[in-house]
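Coordinates in review
Residues per chain are reported as follows:
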Amino acid sequence: MSKMFQRGQASITGIGELKPSLDAGGRTTLDLLGEAAGQAIKDAGLHKEDIDGLLVTPPSEDSYFLWPSQVAEYLQLSPVFMNMVELGGASAAGTIARAALLVDAGICKNCLCLSGGVWDKQVFNTREGKMAVMSQAEIDYDLPYGPMGFNSGYALIARRHISQYGTTPEQLAKIAVDQRTNAMLNPDALFNQKPLTVEDVLASPVIVDPLHLLEIVRPCSGAAAVIVSRLNNGSDQMHDPVTIWGFGEAYTHNSIIYAPSLTESPIKAAANRAFQMAGVNANDIDLVSLYDCYTITVLISLEDIGFCRKGEGGKFVQDTDLTYKGSLPCNTHGGQLSCGQTSFAGGMSHVTEAVRQLRGEAGPRQVGKNRLALVNGNGGVMSTQCCLILRRM
Amino acid sequence: MPDYKDIYWQKLATGKLWLQFCPSCQKFIFYPRGLCPYCLEPELEWTPASGQGKVHSYAIVNVSALPEFKEETPYIYAVIELAEGVKMPSNLIDCSLDKVHVDLPVELTFIERDGKTLPVFKPSEEA
Ligand SMILES: [Zn+2]
């Protein structure tokens with residue numbers, strides 16, 4: 001039998017994350033990445049010279065060309081291995097899985113996973129902004145019908161789920177409400193000024209029916225960094241290491257139009273692979289960090305990971321306290337729905353929050369049971385999936 | 001422009017929706033490609049679509065960032081499942097917002113937009 005990934009060899013030893021902001025203050029993606037990297041290196045008790053691997057997610061405004069090399073030069077890093085991971089919203093989780101492989105294979109001792117971007121309102125809400133995230137097939141055969149980017153894609157999923165299973169707008173809204181309860185205890189969240197009610201969510205404008213404004217993520221600027229290290233990496237480790245206990249990925253489509261199913265996503269296969277590698281199942285998980293570009297994304301994730309049966313997600317979220325105090329804490333930082341979506345780093349916020357919880361460093365929003373966390377990264381319209389299982393040793 | 005795109009748009013310009021068909025897989029293909037995505041063989045046939053389908057799902061766009069659609073809101077953006085088994089994005093026209101539903105039977109029609117003839121759908125006569 002070939003050598004398998006060895007659980008426990010690769011650990012998250014450092015995290016860094018900037019407060020999400022609507023205005024990057026003239027700083028570029030590279031500036032934000034550098035600041036987050038510095039925090040993570042310090043958090044890991046390492047020196048910049050100890051970083052021998054670099055995995056980056058794409059930039060938001062700079063040229064993609066030789067991007068890892070651009071980052072390495074700007075931050076004066078000399079890694080033995082580097083790459084860019086482009087899986088849309090799953091890119092950040094994808095860097096962690098790939099870093100774990102590099103560390104497990106003995107290629108790198110300390111791999112820096114870097115993600116971030118600057119949000120530009122001028123570009124975002126234009127035809128060019130929409131086209132920048134479309135495939136040629138979407139530009140040719142989809143754009144003439146006036147799709148509203150990700151909004152209309154996720155609206156198709158929500159509509160089909162509502163029609164097929166009787167899921168209600170109130171049930172979907174509850175996800176945003178519970179996440180806001182979490183965000184109220186996160187000083188870094190973009191939206192933590194007041195709690196939300198289901199009525200608030202349903203009273204917000206219907207942007208693309210059936211999606212309400214408060215079920216839709218708010219893009220912003222920010223960056224996050226995570227260091228994945230081999231055990232005994234020579235540092236004075238300041239925290240309990242959080243090991244990468246398993247991971248799994250799955251892909252079935254790029255555009256949601258051509259997905260095998262609107263209501264069953266590749267998350268199911270990704271999570272099954274991660275569970276198999278980790279030797280655990282959904283019942284063992286203490287908390288989850290689920291990619292939340294929309295409320296429907298979280299609902300589909302909960303079903304496909306196996307916390308409830310397909311079609312019963314609406315009832316499940318209605319009956320389950322998803323806050324940090326609840327039986328299945330979900331997105332305890334408030335998720336992207338309350339923190340803001342910091343470009344590609346929005347998906348890294350799910351990793352950093354899980355690490356804080358597993359370390360016991362989540363402050364007033366600390367969960368009680370914190371041995372095993374599941375993180376899911378989702379890109380496109382349920383297109384790319386990377387599921388991570390993280391364990392406190 | 002590759003041949004397959006040319007054929008697709010030329011047929012539409014004459015008011016017809018044609019689909020690619022792979023004779024070895026016995027499957028229809030949407031969107032047009034230079035090869036069959038199932039068996040990767042480049043030899044594909046073209047055949048007229050039946051024009052019958054149903055709404056697999058839909059979204060009512062109330063707010064559009066696309067300048068040419070700002071005056072059109074609210075409009076129905078839909079994924080249509082054709083009788084041939086393929087799905088395609090489209091608009092549902094001549095359909096009031098309270099009449100649209102998942103699995104609504106629809107039939108093919110055409111509109112002119114931006115100098116192009118586009119296949120769109122309306123509720124079937126029988127519906
Ligand atoms: Zn074929």
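Further remarks concern the overall build of chain B. If you tally the helices and strands in chain B, you get 1 helix and 8 strands. The secondary structure elements of chain B, listed N-terminal to C-terminal, are α-β-β-β-β-β-β-β-β. Its C-alpha atoms give chain B a radius of gyration of 15 Å, near enough to 14 Å, the size a compact globule of 127 residues would have. Referenced to the eigenvectors of the C-alpha coordinate spread, the extents of chain B come out at roughly 45 × 30 × 25 Å. Taking contacts inside chain B between residues at least 6 apart in sequence as the whole, the part at least 24 apart equals 48%. Just so you have it, chain B exposes about 6200 Å², and 49% of that area is on carbon and sulfur atoms.

All names here are of chain B. One can read the domain layout of chain B as domain 1 (4–48) and domain 2 (52–123). Taking only C-alpha atoms, the centre of domain 1 and the centre of domain 2 are 21 Å apart. The interface of domain 1 with domain 2 comprises 12 residues on the first partner and 12 residues on the second. Both sides together, the interface formed by domain 1 and domain 2 hides about 940 Å², and carbon and sulfur atoms give 80% of it. The largest per-residue losses of area from domain 1 upon contact with domain 2 belong to Trp9, Leu17 and Phe30, which jointly make up 48% of the total buried on that side. Taken together, domain 1 and domain 2 are joined by 0 residue pairs in polar contact (both at pLDDT 80 or more). Looking at the side of domain 1 that touches domain 2, the elements that each hand over two or more residues are α1 (3–13) and β2 (27–29).

Another point: the interface of chain A and chain B. Between chain A and chain B, the residue contacts involve 29 residues of the former and 34 residues of the latter. Interface of chain A and chain B: buried area, both sides summed, is about 2900 Å²; carbon and sulfur atoms make up 62% of it. For the interface between chain A and chain B, the tally reads 2 salt bridges. Of the charged contacts, one joins Arg160 of chain A and Asp103 of chain B as a salt bridge, the two residues approaching to 3.5 Å between their closest N and O atoms.

Let us look at the coordination of the zinc ion. Residue and element names in this part refer to chain B. Only Cys22 (SG), Cys25 (SG), Cys36 (SG) and Cys39 (SG) from the protein coordinate the zinc ion, and they sit 2.2 to 2.3 Å from it. Relative to the metal, the 4 donor atoms surrounding the zinc ion lie at angles of 107 to 115°, and the coordination shape comes out tetrahedral. Positions of the donor residues of the zinc ion, expressed as sequence spacing, correspond to C-x2-C-x10-C-x2-C. Residue Cys25 is located in the loop between β1 (18–22) and β2, and its partner Cys36 is located in the loop between β2 and β3 (45–48); the two are separated by 11 residues in the primary sequence. With a relative accessible area of 26%, Cys25 lands in the partly exposed category.

Attention now moves to the sheet that holds β2 of chain B. The strands making up a sheet are joined through hydrogen bonds of the backbone, oriented either antiparallel or parallel. Residue and element names in this part refer to chain B. Spatially, the 3 strands line up as an open sheet ordered β2-β1-β3, and their pairing is antiparallel. Both edges of this open sheet fall to β2 and β3, since each of them pairs with a single strand only. Sheet twist, expressed as the mean angle between neighbouring strand axes with direction ignored, is 45°. Two elements, β1 and β3, share 4 bridges in a ladder whose sense is antiparallel. Within the sheet, the bridge partner assigned to Trp18 lies in β3 and is Pro48.

Residues and elements named next belong to chain A. Spatially, β3-β2-β4-β7-β1-β8-β11-β10-β9 is the arrangement adopted by the 9 strands of the open sheet, whose pairing is mixed. Since the sheet does not close on itself, it has two edges, and those belong to β3 (81–84) and β9 (287–290), each with one partner. Adjacent strand axes in the sheet meet at a mean angle of 25° when their direction is disregarded. As defined by bridge partners, strand β10 (residues 372–379) adjoins strand β11 (residues 384–392) across 8 bridges and the pair is classed as antiparallel. Following the sheet pairing, Gly377 is matched in β11 by Cys386.

Moving on: the domain arrangement of chain A. Residue and element names in this part refer to chain A. When cut into domains, chain A gives domain 1 (10–121 + 221–243) and domain 2 (128–217 + 247–392). On a C-alpha basis, the centroid separation for the pair domain 1 and domain 2 is 23 Å. Contact with domain 1, which involves 46 residues of that partner, is made by 35 residues of domain 2. Of the roughly 2900 Å² buried at the junction of domain 1 and domain 2 (both faces included), carbon and sulfur atoms supply 67%. Applying the counting criterion to the domain 1 and domain 2 interface returns 3 salt bridges. In this structure, Asp43 and Arg359 form a salt bridge, with 2.9 Å as the shortest nitrogen-oxygen distance. Here domain 1 and domain 2 share 12 residue pairs in polar contact (both at pLDDT 80 or more) between them. For the side of domain 1 that touches domain 2, the elements supplying multiple residues, two or more each, are β1 (10–17), α3 (91–104), β4 (110–117), β7 (222–230) and β8 (242–251).

Scanning all chains against the criterion turns up 12 aromatic pairs over all chains. Look at Tyr8 of chain B and Trp9 of chain B: their rings are 5.2 Å apart centre to centre, the planes differ by 80°, and that puts the pair in the edge-to-face class. There is no split in this pair, since Tyr8 of chain B and Trp9 of chain B are both buried. Every member of this aromatic cluster is reached through a ring pair, and the members are Tyr141 and Tyr258 of chain A together with Tyr8, Trp9, Phe30 and Tyr31 of chain B.

In this section: the side chain of Arg180 of chain A. All names here are of chain A. Take Arg180: it is sitting in helix α8 (residues 169–183). Here Arg180 occupies a buried position and makes no salt bridge, while the nearest side chain of opposite charge, Asp200, is found at 7.2 Å. Separated by 3.3 Å, the side chain of Arg180 and the backbone oxygen of Phe191 make a polar contact. Setting aside residues no more than four positions away along its own chain, Arg180 makes contact with Phe191, Lys194, Pro195, Leu196 and Ser338.

Moving on to the pattern of salt bridges. Residue and element names in this part refer to chain A. For the structure shown, the criterion picks out 16 salt bridges over all chains. Linking Arg309 and Glu312 is a salt bridge whose minimum nitrogen-to-oxygen distance equals 3.2 Å. With relative accessibility at 61%, the residue Arg309 sits in the exposed group. Classification of Glu312 as partly exposed rests on a relative accessible area of 36%. The salt bridge partner of Asp319 is Lys315, with a shortest N-O separation of 2.5 Å. Taken together, the residues Asp319 and Lys315, both in helix α12 (residues 313–319) and 4 residues apart, mark about one turn of the helix.

About the thresholds
- Residues numbered from 1 in each chain as written.
- Chains lettered and ligands numbered in written order.
- Predicted model: local features only at pLDDT ≥ 70, side-chain atom pairs only at ≥ 80, totals over all residues.
- Heavy atoms only, no water.
- Helix = DSSP H or I, 4+ residues; strand = E, 2+ residues; numbered from the N terminus.
- Rg over C-alpha atoms; globule rule 2.2 N^0.38 Å.
- Contact = heavy atoms within 4.5 Å.
- Areas by Shrake-Rupley, 256 points an atom, 1.4 Å probe, with all protein chains shown as cover.
- Domains from an automatic or database assignment.
- Buried area = accessible area lost by both parts, 1.4 Å probe.
- Polar contact = N/O pair within 3.5 Å; in protein donor to acceptor, adjacent residues only side chain to side chain.
- Salt bridge = Lys/Arg side-chain N within 4 Å of Asp/Glu carboxyl O.
- Donors = N, O, S within 2.8 Å, 3.2 Å for Na, K, Ca; no water.
- Tetrahedral: all angles 85-135°; square planar, octahedral: opposite > 155°, others 65-115°.
- Buried < 20%, exposed > 50% of the residue type's maximum accessible area, 1.4 Å probe, protein only.
- Pairing = 2+ DSSP bridges.
- Axes fitted to C-alpha atoms, helices over the stretch in contact; angles between N-to-C directions.
- Phe/Tyr/Trp six-rings, centres within 6.5 Å; stacked < 30°, edge-to-face > 60°.
- Lys, Arg positive; Asp, Glu negative; His and termini not counted.

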